[in-house]
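In case you want the letters, here they are:
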Amino acid sequence: MKTPLVDLTIFKSRTFIGANIAAFTLGAGLYGGFTYLSILMQNYMGYSAFETGLKLLLISVFTLVLGPITGLLSDRIGNRWLISLALFIGMAGILVINALLKPPFKWAYLYPGFILLGISNALVNPPISSAAMGAVDDRHIGMASGIINVFRQVGISFGVVILGISVTNGYNDKLAHGLSQLTTLPALIKAPLTTMLHKAGPFAGQQIFTDHRVAAYRELPVFNEIKHLVYQAFNAGMHQGDLMIAIFLGIGGVVALLLIKDPRSAQK
C-alpha cells in the first residue's frame, strides 16, 4: 500500500519498540490498577464515588506540579533513564501500599504509595511520547503518536483483566481457607453461605452485608467474624494484584533501560 495505516518499518527502531512496551506496562500496571484501588476505597473503605475521585486526585495533581520539571529532567538525564526511573518509582509506590495494606483499611495505608504513584505518573508520560516521536522520521510522527496511545490503551484493558483475575484468585483462596476454619458455623448454613460469598466475588464489598438476602445471618454470633474474613480475603486478593502491578512496572523499567536510546547516546 502507498499510504498504509501503520508503516511496520517504524518497528525497526529499538527505541520505538521500547517506548511502546513501556507505555503498555504503564497502562497495565498503573492505570489498570486504578480500577481496583477505586473498588477498595468505595466498596471496602466506604468512600463515596466523589470522595474516591478526590483521593485519586492526589495521584493526578503531581502532573501539574512536576510537568515543567519533567522536560528539564529529560534534557538532563535523557528519556531512557527518566522513563525507567519513573516506572521504578511507581513500582516502589505500589509495593509501599502492598506492605501497609490490611483490614480495617485506612487512608493512612494508601497515601504514601499514592504520592509515589503520582510522581511516577507525572514523570513517565512526556518522555515516553518524546522517545517514540524521536525514534521515527518526521513523516511518521502522527502514526507513532497514534501507536503509542494504542499500546497504552490496550495495556489498560489487559491490566484490568489480568489484575481482576489475580484479585479474584487471591480472594477465593483466602475465603475458602477461612471458611473451612469456622468450626462454629453449622454445616447447613456454611454451604449456602460459602456459595453466596463466592458468587458475590471480591468486588461486592460491604454491600453483601447490607443486602436483604443475608438478613437471616445477621443475628448469628459469627456474623462479624465472617465479615472480617471477607475483608481479609479481599486484602489477600489486593496483595496479589499489587504484586502483579509491581511486576508490570518493573518489566517496563527494565525494558526502557535495555531498548531505549537517547539521541545523544546514539550519536556517540
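In this text, all values refer to a predicted model and were calculated from it rather than measured experimentally.

Rules used throughout
Residues numbered from 1 in each chain as written. Predicted model: local features only at pLDDT ≥ 70, side-chain atom pairs only at ≥ 80, totals over all residues. Heavy atoms only, no water. Helix = DSSP H or I, 4+ residues; strand = E, 2+ residues; numbered from the N terminus. Polar contact = N/O pair within 3.5 Å; in protein donor to acceptor, adjacent residues only side chain to side chain. Contact = heavy atoms within 4.5 Å. Axes fitted to C-alpha atoms, helices over the stretch in contact; angles between N-to-C directions. Parallel < 35°, antiparallel > 145°, perpendicular 65-115°, else oblique. Left-handed = near helix turned anticlockwise from the far one by under 90°. Nonpolar A, V, L, I, M, F, W, Y, C, P; charged D, E, K, R; others polar. Expected span 1.5 Å × (residues − 1). Buried < 20%, exposed > 50% of the residue type's maximum accessible area, 1.4 Å probe, protein only. Phe/Tyr/Trp six-rings, centres within 6.5 Å; stacked < 30°, edge-to-face > 60°. Patch = residues over 30% accessible without salt bridge, like charges linked within 9 Å, V, L, I, M, F, W, Y side chains within 5 Å. Areas by Shrake-Rupley, 256 points an atom, 1.4 Å probe, with all protein chains shown as cover. Salt bridge = Lys/Arg side-chain N within 4 Å of Asp/Glu carboxyl O.

**A word on the side chain of N79**
With respect to the helices, strands and loops of the structure, N79 is situated in helix α3 (residues 79-100). Engagement of the side chain of N79 in a polar contact is seen with the side chain of S74, the distance being 2.5 Å. Once you skip the residues sitting within four places of it in the chain, N79 turns out to touch S74, P127, S130, A131 and D262.

**A closer look at the packing of helix α2 (residues 49-77) against helix α4 (residues 111-134)**
Packing of α2 against α4 leaves a shortest axis separation of 7 Å and a crossing angle of 40°. With respect to each other, α2 and α4 are oriented oblique. With respect to the hand of their crossing, α2 and α4 are arranged in right-handed fashion. Where α2 approaches α4, its residues K55, L56, L58, I59, F62, T63, L66, T70 and L73 are matched on the opposing element by Y111, F114, I115, L117, G118, I119, N121, A122, L123, P126 and P127.

**Regarding the packing of helix α1 (residues 14-44) against α4**
In the contact formed by α1 and α4, the axes pass within 10 Å of each other and the chain directions differ by 150°. With respect to α4, the element α1 is oriented roughly antiparallel. α4 is crossed by α1, and the crossing has left-handed handedness. Along the contact surface, α1 presents T15, F16, A19, A22, A23, L26, L30, Y31, L37 and M41, while α4 presents F114, L117, N121, V124, N125, I128, A131 and A132. Residue composition of the contact of α1 with α4, by class: 15 nonpolar, three polar and no charged.

**Comments concerning α3**
Taking 1.5 Å as the rise per residue, α3 with 22 residues should run 32 Å; its terminal C-alpha atoms sit 32 Å apart, in good agreement. Within the sequence span of α3, burial applies to N79, L82, I83, S84, A86, L87, G90, G93, I94, I97 and N98. On its buried face, α3 is in contact with α1, α2, α4 and α8 (223-259).

**Description of the packing of aromatic side chains**
The relation between two aromatic rings is expressed through the spacing of the ring centres and the mutual angle of the planes. Applying the stated rule across the entire model yields 12 aromatic pairs. When the centroid spacing of 6.4 Å and the interplanar angle of 80° are considered together, the rings of F105 and F234 count as edge-to-face. Within this pair, whereas F105 is found in the loop between α3 and α4, its partner F234 is found in helix α8, the two being separated by 129 residues in sequence. Here F105 and F234 have matching classes, each one buried. Relative to F114, the ring of W107 has its centre 5.4 Å away and its plane inclined at 85°; by these criteria the two rings are edge-to-face. On the accessibility criterion, W107 (22% relative accessible area) is partly exposed. Linked through ring pairs, Y44, F105, Y231 and F234 together constitute an aromatic cluster.

**Section: a nonpolar patch on the surface**
A grouping of L5, V6 and L8 is seen on the molecular surface, where their side chains present a nonpolar patch of about 340 Å² in accessible area. Among the structural elements, L8 can be located in the segment before α1. Residue L8 is classed as exposed on the basis of its relative accessible area, which comes to 63%.

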